[in-house]
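# Coordinate analysis (summary)
Here is what each chain is made of, one letter per residue.
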Amino acid sequence: MNQTILLTAQNAHRVKTVRPVDNPQSEPSQFNYRGQRLGFRNHLHTIGEGSAATPVYKDGYSQWEVVEFHHPDYLGCYWQLAQDAYRNTSQDPDIVGEDSITSYEKMLHDDLMSMPQGERELYIQNFKQYYSNMLSASSRCASTFVTGAGNFNHRRNEKANVSYQKRSDEFSQWRERALKAIAKRMEVRKPEDQKKEEDWKRLRNDIGSSAATIHAINKGTNRCSSKALFVSSIYNKVSTFASHGEVEIVDKALAYIREWNMREKKPIITERHKFFQLSEVARKVKEQQEKLAGMENKEYPFDGGKVVFNFEKKRIQIFFDEKPDRAMINKLNRDCSFNWAPTCGAWQRIMTPNAKHATKRALEGLNLKNL
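Cut-offs and rules
- Residues numbered from 1 in each chain as written.
- Predicted model: local features only at pLDDT ≥ 70, side-chain atom pairs only at ≥ 80, totals over all residues.
- Heavy atoms only, no water.
- Core = buried A, V, L, I, M, F, W, Y, C linked by side-chain atoms within 4.5 Å.
- Buried < 20%, exposed > 50% of the residue type's maximum accessible area, 1.4 Å probe, protein only.
- Helix = DSSP H or I, 4+ residues; strand = E, 2+ residues; numbered from the N terminus.
- Salt bridge = Lys/Arg side-chain N within 4 Å of Asp/Glu carboxyl O.
- Pairing = 2+ DSSP bridges.
- Axes fitted to C-alpha atoms, helices over the stretch in contact; angles between N-to-C directions.
- Parallel < 35°, antiparallel > 145°, perpendicular 65-115°, else oblique.
- Left-handed = near helix turned anticlockwise from the far one by under 90°.
- Contact = heavy atoms within 4.5 Å.
- Nonpolar A, V, L, I, M, F, W, Y, C, P; charged D, E, K, R; others polar.

Counting 25 residues, the largest nonpolar core has Val-238 and Phe-275 as its most contacted members. For this core, the secondary structure elements donating two or more residues are helix H6 (192-219), helix H7 (227-243), helix H8 (247-263) and helix H9 (278-293). With eight residues, the single largest contributor to this core is H8. By size, the runner-up hydrophobic cluster in this structure holds 22 residues, among which are Ala-85, Tyr-104, Met-115 and Phe-171.

Take a look at the structure:
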C-alpha cells in the first residue's frame, strides 16, 4: 500500500497535483506553486485551474494529499542549509533559501532528463557536492543592511564573498564540463545511421536558410546581402562533408539545391559552379578511405610521444607520454584543429592531407620521425 504524502512547505515547489485527504477517491486537482502573489516575496499556493483556483494556507497543508510531483526530491536534505545560507544577507532568508532549492532542483532535473540513466547517479552526487559547498560559503557572507554596521568585520566579509564567488564559479565550470563530456559520450554511442541523419538535417536547414536568402536576392527583395557570400557558404559546408567522403549526404545536398533551382526562375547555384563537382570529390575520398581501411596503423615517434595513423578510425592521433603544457594544448586545438578524445587518450583529427601538414606544424621542434 502506497504511503500518503501530505503537502508541506518543503515539498510544495515540486507538487503537480493534489486531492483532499478525506476524499482519496476524488479526481486530483492542479496545484499551482505560488499561484497567487500578494506582494514582494509574499505568495500563496493555489489549487485548481484559472479563475476557479483557490488559495491554500499553511495551516491547511495537512488537509491535502500529494498525488503527483513534477520531479523527485533531489535537494531536500539541504533545506535548512539553504535557509541558513542567507541569514546574514537577506531579511527573508527562508524565502531566499526556498528559491535556491527550487531553482537548482529544476536545473538538476532538466539536466538529468537530457542524459542516459547510467550517467545520472554520479552527476547527482557531484551536483549536490558543489551545491552544498556553495551554500556553506554563502552562510559565511554578511550584509550590514541585515546585521547592522556596528563592529562589522569588512575584511573578513570580503574574504567570505570572494570564497562564495569561487564556489559559485566552480559549480558553473563543473556543470559545463560535465554536460559537455556526457554529450560527447552520448554522441559516440549513437548508431552511425542516426549520426548521419542528424548531420543531414542540420546541413539541410543551413542550406535552406542560405537558399531562401539567395532567392530573395534574385527577386530583388533583399538588396543588402551578397549572393556570392551565401553561395560560398553553401559550398563550404557541403565541401566539408565531401572531404570526409560522406557521399550520401553530399548527393542529398546537390539534389536539394537542384530542387530549389527547378522551382525558381533564377537558379540558386548554377550547374556550372564547382559545387556540383563535390559528388565526385566525395566519391574519390571514400574510395581512398576504403583502401586505407584495410591497412595496419602506422606509428611515428617524436620526443615525448608518438603519432598514430589510425586507418580504421580514419584519424591522425597524437599521444603524449605526459600531459602537454598549456601552450602545446592551445597550439593543437586552436592552431591545428586537433580535438581531445578522452576515450582513447589522444589528440586527433580526421585523416586528410591538411591534417598531415597540421601534425607536422603542431609538433615542430620535437624531432618527429619520418612523417
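What follows is about the pattern of salt bridges. Oppositely charged side chains are able to pair whenever their charged atoms sit close together. Summed over the entire model, instances satisfying the criterion amount to 24 salt bridges. As a salt-bridge pair, Arg-34 and Asp-99 come within 2.6 Å of each other at their nearest N and O atoms. With Arg-34 in strand S2 (residues 29-39) and Asp-99 in helix H2 (residues 93-113), this residue pair connects regions lying 65 residues apart in the sequence. Taking the relative accessible area as the measure of exposure, Arg-34 reaches 22% and is therefore partly exposed. Asp-99 sits in the partly exposed class, given a relative accessible area of 28%. The partner of Glu-192 in a salt bridge is Lys-195, with the nearest N and O atoms 3.6 Å apart. Linking Glu-192 with Lys-195, this pair stays in helix H6, spanning three residues, or about one helical turn. Within this structure, Arg-34, Glu-98 and Asp-99 form a network of salt bridges that share partners.

A positive phi angle, close to 50°, is found at Arg-34, a residue other than glycine. A positive phi angle is found at Asn-151, which is not glycine, with a value near 55°. With respect to the element layout, Asn-151 can be found in the loop between helix H4 (144-147) and helix H5 (154-189).

Another point: the sheet that holds strand S9 (residues 339-341). Read across the sheet, five strands follow the order S6-S7-S8-S10-S9 without closing on themselves; strand pairing throughout is antiparallel. Two strands bound the open sheet, and with one partner strand each, they are strand S6 (298-302) and S9. Between one strand axis and the next, the sheet turns by 30° as a mean value, whatever way the strands run. Here four bridges tie strand S8 (residues 315-320) to strand S10 (residues 346-350), and the two strands are oriented antiparallel to one another. The residue of S10 that forms the bridge with Gln-317 is Gln-348.

For the pair H2 and helix H3 (residues 117-139), the least separation of the axes is 11 Å and the interaxial angle reads 155°. It follows that H2 is roughly antiparallel to H3 by the angle criterion. The two elements H2 and H3 meet at a crossing, and its hand is right-handed. Contacts between H2 and H3 pair Ser-100, Ile-101, Tyr-104, Met-107, Leu-108, Asp-111, Leu-112 and Met-113 from the former with Arg-120, Tyr-123, Ile-124, Phe-127, Tyr-131, Met-134 and Leu-135 from the latter. In terms of residue class, the contact of H2 with H3 is built from twelve nonpolar, one polar and two charged.

Honestly, that's just the spatial picture; any functional story needs more than this.
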